[in-house]
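Spelled out from the first residue to the last, the chains are:
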Amino acid sequence: MTTKPSFPADFLWGAATSAYQIEGSPLADGAGVSNWHRFAHRPGTIAHGDHGDTACDHYRRYEEDIQLMRELGLQAYRFSIAWHRIFPEGRGRLNPKGLDFYLRLADALNNAGIVPCATLHHWDWPAALDDQGGWAHRDSAQWFADYAHTLFRALDGRVKHWATLNEPWVIVHAGYIEGAHPPGVPAFAKAPHAAHNLLRGHALAVQAFRADGAGQIGLVVNLEPKFAASAKPEDQAALARSHAYMNRWFLDPVFLGGYPEEMADIFGADWPRFPEEDFKLIREPFDFLGINYYSRTVVRDEPANLPVRDARVRQRAEHTAMDWEVFPEGLKTCLTWVKQRYTTLPLYVTENGAAFADPPAVAGRVADPRRVAYLRDHLRAAHAALAEGVDLKGYFAWSLLDNFEWAHGYGKRFGLVRVDYPTGTRTPKDSARFYRRVIESRGAVL
Ligand SMILES: N#[N+]C[C@@H]1[C@@H](O)[C@H](O)[C@@H](O)[C@@H]2O[C@H]12
């Protein structure tokens, strides 16, 4: 008789979103033009010509969405703050109306008994900052710290759970290596500088939080376990490069004080020498690590595939609508790897979920059995990590709502709640009802 999982009574159950993906009203109330607003309106960048002008209309419907969260039994809500609403030009002039939206959002969440968990930067920022050099500009770290400091003071007493950056690796890989995200032009030699300045900005923001913030602050990273396609030395070497590039690039500096040696191999002559004092700053201690987990990758050597010289070997297994392998044990692998290699800090699963080709709503119901199975199996893996001593403090399903899936537009639906466009009608899916039962039973239904 296997014992049913039982998560701790203080385990935090939530769901996550981000500003540009759900808010809409990108220029409302004095907001500046953001990098993603400008990029999404550039022809050919987003599938189906989609953009975030309306998205889920959350900027206007946030009270309705908070009522949805209550009905789902959520204890916490992870959202991000749109920098361009606060500082339309990125720095200098503060926009009180933009700040006011987040004051109202935080108040409504607190009044509903839902813990507001704010991410300062989830990829969207004022386009003006990209025009001034973006994250490749060394001053970007201070731009971010100043923005963060303003928010710590403005939301003091309303928000006590902060994250500095969401997935800085994606900002660099998609924005500076691929060009599939803003700034939108591959700039290989700038990528290491952008990564370094993101880490410096994170650390400076943590220092600002220590001076003027209250609660806890952390960093959110994406992790993806890597496996070699064979025991051949070249595939093993490709595994080492791929693992360093995606999983260690940011965590080695913040916890171990230096970059993986594979980075110099990957970037060659474009890998800079950074000032030693930067690494002392980047190791600024913080309070928790957020881990976003979706899938794993099996890799082989592929010399032509720059810069990492690896290639994915697609597995005979279930895949999501993103063509990502469903691999629940990979979540436990990530959690235990972080504990063993880096830190005993509290961990949160800050994102986990899947896109599937959900059916439309019929009589107020959306049958999404594959997402129910995905959540069940990944929550079992999370509990297995807890049972092995990982200090896992919470889990946030990605996502509360179907939303704007970046370059994929609205065609990839990750939500617990279906959103029908353009009406914006919300319909909780079966997975939302399942998640509510998981929360109510502290996992006993898994
Ligand atoms: N793709 N995908 C889904 C999800 C994306 O929608 C989030 O914004 C990111 O934090 C992370 O990439 C994961």
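Residues numbered from 1 in each chain as written. Predicted model: local features only at pLDDT ≥ 70, side-chain atom pairs only at ≥ 80, totals over all residues. Heavy atoms only, no water.

A separate point is the pairing of strand β8 (residues 297-301). Pairing of strand β6 (residues 226-228) with β8, which is carried by three bridges, proceeds in the parallel orientation. Considered in β8, the bridge of Ala228 is made with Val299. Alignment of β8 against strand β9 (residues 310-312), held across three bridges, turns out to be antiparallel. Across the sheet, residue Asp301 finds its bridge partner in β9, namely Asp310. (Pairing = 2+ DSSP bridges. Helix = DSSP H or I, 4+ residues; strand = E, 2+ residues; numbered from the N terminus.)

Around the ligand lies a shell of 14 residues, among which Gln21, His122, Glu351, Glu405 and Trp406 are the nearest. His122 has a polar side-chain atom sitting 2.8 Å from an oxygen atom of the ligand. A distance of 3.3 Å is found between an oxygen atom of the ligand and a side-chain nitrogen or oxygen belonging to Trp398. Placement of the ligand is best described as lying within the largest pocket. When the residues that make up the shell around the ligand are grouped by side-chain class, the tally is seven nonpolar, four polar and three charged. (Near = heavy atom within 4 Å. Polar contact = N/O pair within 3.5 Å; in protein donor to acceptor, adjacent residues only side chain to side chain. 1 Å grid on protein atoms, 1.4 Å probe; cavity = no way out; pocket = protein on both sides within 12 Å on 5 of 7 lines; lining within 4 Å. Sits in = over half its atoms within 2 Å of the grid points. Nonpolar A, V, L, I, M, F, W, Y, C, P; charged D, E, K, R; others polar.)

Before going further, it helps to spend a moment on the layout of surface pockets. Approximately 1,200 Å³ is the volume attributed to the largest pocket. Looking at the largest pocket, it is lined by 45 residues, and the ones nearest its centre are Trp169, His173, Glu224, Met246 and Trp324. When contributions to the lining of the largest pocket are tallied by element, the ones reaching two or more residues are α8 (168-178), β5 (216-223), α10 (233-248), β7 (288-293), β8 and β9. Considering every element that reaches the lining of the largest pocket, the biggest residue donor is α8, with six residues. Tallied by class, the residues present in the lining of the largest pocket amount to 22 nonpolar, twelve polar and eleven charged. Reported here for the second largest pocket is a volume of approximately 190 Å³. Lining of the second largest pocket is provided by Tyr259, Pro260, Glu261, Ala264, Trp271, Pro272, Arg273, Phe274, Glu276 and Phe279. (Points joined across faces, edges and corners; volume = space filled by probe spheres on them.)

For the bond running from Pro182 to Pro183, omega is 0°, close enough to zero to count as cis. Relative to the helices and strands, Pro183 resides in the loop between α8 and α9 (191-212). With omega at 0°, the peptide bond leading from Tyr421 into Pro422 counts as cis. Residue placement: Pro422 occurs in the loop between β12 (417-420) and β13 (425-428). Not every positive phi belongs to a glycine, and Asp29 is a case in point at roughly 55°. Summarising the element assignment, Asp29 is placed in the loop between α1 (19-22) and α2 (35-40). Located in the positive-phi region is Ala55, a residue other than glycine, with phi close to 50°. By the element assignment, Ala55 lies in the loop between α2 and α3 (58-72).

In short, the description is geometric, and any link to function would need to be established separately.
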